[in-house]
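Each chain, written out:
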Amino acid sequence: MKTRNNCRDWRELLGAYALGQLEGDERTGLEAHLDGCAQCREELALLQPVAAMLPHADPERFEAAAPQPPPELGARIGATIAAERQQVEKRRRRVFGGFALGGATAALAAAVLAIFVLGGGSSGEPERHVAFASRGVSIDATLEPHAYGTEIRMYVHGVASGTLCRVSLRGPGGTSYPAGTFRYRWGEDSEAVLSSALDLSRTRAVVVHAGKRTFVAPLGSAPATAHIPTQEEST
Amino acid sequence: MIPSTLKRGSSTRGALSRERDVREAYAAHSGELYGFAVRSLGDAGLAEEAVQETFVRAWRAGERYDPKIGSLRTWLFAILRNVVIDLGRARAVRPGVAEGGIEQSVEPLEEALLSWQVEEAMRRIGEDHRRVIVETYYKGRPYAEVAEELGVPEGTIKSRVYYGLRALRVVLEEMGYED
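Procedures and definitions
Residues numbered from 1 in each chain as written. Chains lettered and ligands numbered in written order. Predicted model: local features only at pLDDT ≥ 70, side-chain atom pairs only at ≥ 80, totals over all residues. Helix = DSSP H or I, 4+ residues; strand = E, 2+ residues; numbered from the N terminus. Contact = placed C-beta atoms within 7 Å. Nonpolar A, V, L, I, M, F, W, Y, C, P; charged D, E, K, R; others polar. Pairing = 2+ DSSP bridges. Axes fitted to C-alpha atoms, helices over the stretch in contact; angles between N-to-C directions. pLDDT = per-residue confidence, 0-100. Parallel < 35°, antiparallel > 145°, perpendicular 65-115°, else oblique. Core = buried A, V, L, I, M, F, W, Y, C linked by C-beta atoms within 7 Å. Buried ≥ 20, exposed ≤ 12 C-beta atoms within 10 Å, placed from the backbone.

**Q** What is the right way to read the environment of Ala-16 of chain A from this model?
**A** Within the element layout of this structure, Ala-16 of chain A appears in helix α2 (residues 14-18). For the pair Ala-16 of chain A and Ala-51 of chain A, spaced 35 residues apart in sequence, the C-alpha separation works out to 9.7 Å. For Ala-16 of chain A, the residues in contact, after removing those within four places along its chain, are Gln-21 and Leu-22 of chain A together with Lys-158 and Val-161 of chain B.

**Q** I would appreciate a short explanation of the interface of chain B and chain A in the present structure.
**A** Interfaces are often described in size by the accessible area the parts lose on coming together. Counting residues at the interface gives 36 residues for chain B and 35 residues for chain A. Of all the elements in the fold, those that place two or more residues in the side of chain B that touches chain A are α1 (19-41), α2 (44-60), α4 (109-124), α5 (127-138) and α7 (154-174) of chain B. Of the residues forming the side of chain B that touches chain A, the biggest block, 10 residues, is contributed by α7 of chain B. Taken together, the residues of the side of chain B that touches chain A sort by class into 19 nonpolar, 9 polar and 8 charged.

**Q** Explain the sheet that holds strand β1 (residues 128-134) of chain A to me, please; I cannot follow it from the model alone.
**A** All names here are of chain A. Taken in spatial order, the 4 strands of this open sheet run β1-β2-β3-β6, and their pairing is antiparallel. Only two strands of the sheet have a single neighbouring strand rather than two, namely β1 and β6 (192-196). Averaged over neighbouring strand pairs, the angle between their axes works out to 20° when direction is ignored. Relative to β6, strand β3 (residues 149-157) is paired through 5 bridges, and the arrangement is antiparallel. Directly across from Thr-150, in β6, lies its bridge partner Ser-196.

**Q** Just to check I follow, could you spell out the confidence of the model for chain A for this structure?
**A** Residue and element names in this part refer to chain A. Chain-level statistics for chain A give a pLDDT mean of 78 and a share of 76% at 70 or above. Ranking the elements of chain A by mean pLDDT puts strand β9 (residues 231-234) last, at 42, and α2 first, at 97. Segment residues 98-103: pLDDT under 50, and 3 contacts once partners within four positions in sequence are set aside and those in other chains are kept. This model gives residues 108-123 a pLDDT under 50, and the stretch forms 12 contacts once residues within four places in sequence are excluded.

**Q** I'm lost on the packing of α5 of chain B against α7 of chain B in this one. Help?
**A** Think of two packed helices as two axes; the pair is described by the angle between the axes and how far apart they sit. Residues and elements named next belong to chain B. Put simply, α5 and α7 touch, their axes get as near as 8 Å, and they point 110° apart. Here α7 runs roughly perpendicular to α5, going by the angle between their axes. Facing α5, whose interface residues are Asp-128, His-129, Arg-130, Val-132, Ile-133 and Thr-136, α7 presents Ile-157, Arg-160, Val-161, Tyr-163, Gly-164 and Ala-167. For the contact of α5 with α7, the class distribution of residues is 6 nonpolar, 3 polar and 3 charged.

**Q** I would appreciate a short explanation of the nonpolar core in the present structure.
**A** Counting 32 residues, the largest nonpolar core has Val-161, Leu-165 and Leu-168 of chain B as its most contacted members. Of all elements in the fold, only α2 and α4 (38-53) of chain A together with α4, α5, α6 (143-150) and α7 of chain B reach the threshold of two or more residues within this core. When near neighbours in sequence (up to four residues on either side) are disregarded, Val-161 of chain B contacts Gly-15, Ala-16 and Leu-19 of chain A together with Val-132, Ile-133 and Thr-136 of chain B. Residues Phe-36, Val-38, Leu-72 and Val-83 of chain B belong to the second largest nonpolar core, which totals 26 residues.

**Q** Would you mind showing me how to read the pairing of β1 of chain A here?
**A** Note on strand geometry: in a regular strand, side chains alternate between the two faces of the sheet. Residues and elements named next belong to chain A. As paired elements, β1 and strand β2 (residues 137-146) share 7 bridges and run antiparallel to each other. Bridging from a neighbouring strand, Phe-132 pairs with Ile-139 of β2. Hairpin connection of β1 to β2: 2 residues between the antiparallel strands, including Arg-135 at a positive phi of 45°.

**Q** Sorry, what's going on with the pairing of β3 of chain A here?
**A** Residue and element names in this part refer to chain A. Note that β2 and β3 share 9 bridges and pair antiparallel. By the bridge assignment for β3, His-146 is matched with Gly-149. Where β2 hands over to β3, the hairpin turn is made up of 2 residues, counted between the paired strands.

Now the structure itself:
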């Protein structure tokens, strides 16, 4: 038997030992070395679970080439997924198109969808309420933060039926972000829903042009439902 | 020789919700998934079905995949495991199939997974290492005989067995094995 002087010589026997293939003097010698060598014991502890797994493998299987998926499988999966995606999109269109009365409603449906998709009220910022009145005209607005900007729900009382109202939000530095227009043709108790690209957190004021008059309602620093005094400007 | 497909990707959450991501995941992992599906289902046609279903389910649930929890590979294998169970159930209730003369897979799934892992790991270690493990362990041939056949000293065979087991351990760990 070859003389083994160092740890490395002994360690190279650990594989055969873990597989139960070491006999006689070599086995006795290695066991004596293991008694006194923590490093080799650790090494053996790493090999033993691997040796214990070997009976689970069938050499006929691993010596044969690994089975490969047919080349067209990838394309088939891609086509299945594309078809399923189209089905989902079609279904979605049907749901939102079902109550569509015209282009405007369809656009609103799309906007509502956008709110569901993008909004979700995840910003954690509370909505803001602004109420102001001046010279017989009162305006109530609720501003709600969304991922796309700000949603404005607004009631206007005291303007003549048919008056065109243009609404915008004023950002820092006085920049104006349009929110849309509305016009009451009958009654004046329905809520106008508008949206602007300006984030609520950056909104300084709500500006309403009603006919030839302009109302500027600044947002207070604290979100509150308190009455905020109005500045009226003439155009 | 470790395929790059085993390297953990730096993908982000929801990494499988786009069709392009599915294509990339397929390129990286379909071989292994298919290998395991064949091993556990014992049928190439069913294995194809299983792999297809795995990627479709992964795409549907793509937003839920979170790389912080585990690798994409581990996630895909978990889905495939469920698919294989479902296909096994479907086959069990399909009348007549078991009488087809083909030995149906009676091997429990966990055993199939373990066997597949060890076989796959054996494929990935070097030829020299695999050869000595096959000859001495699986065929039970004496070291002296194998040494003579290969024209190397007996000690070399022993050290190759040692380095072969170490290599197996490394490959198994890369495949997700833990003690």
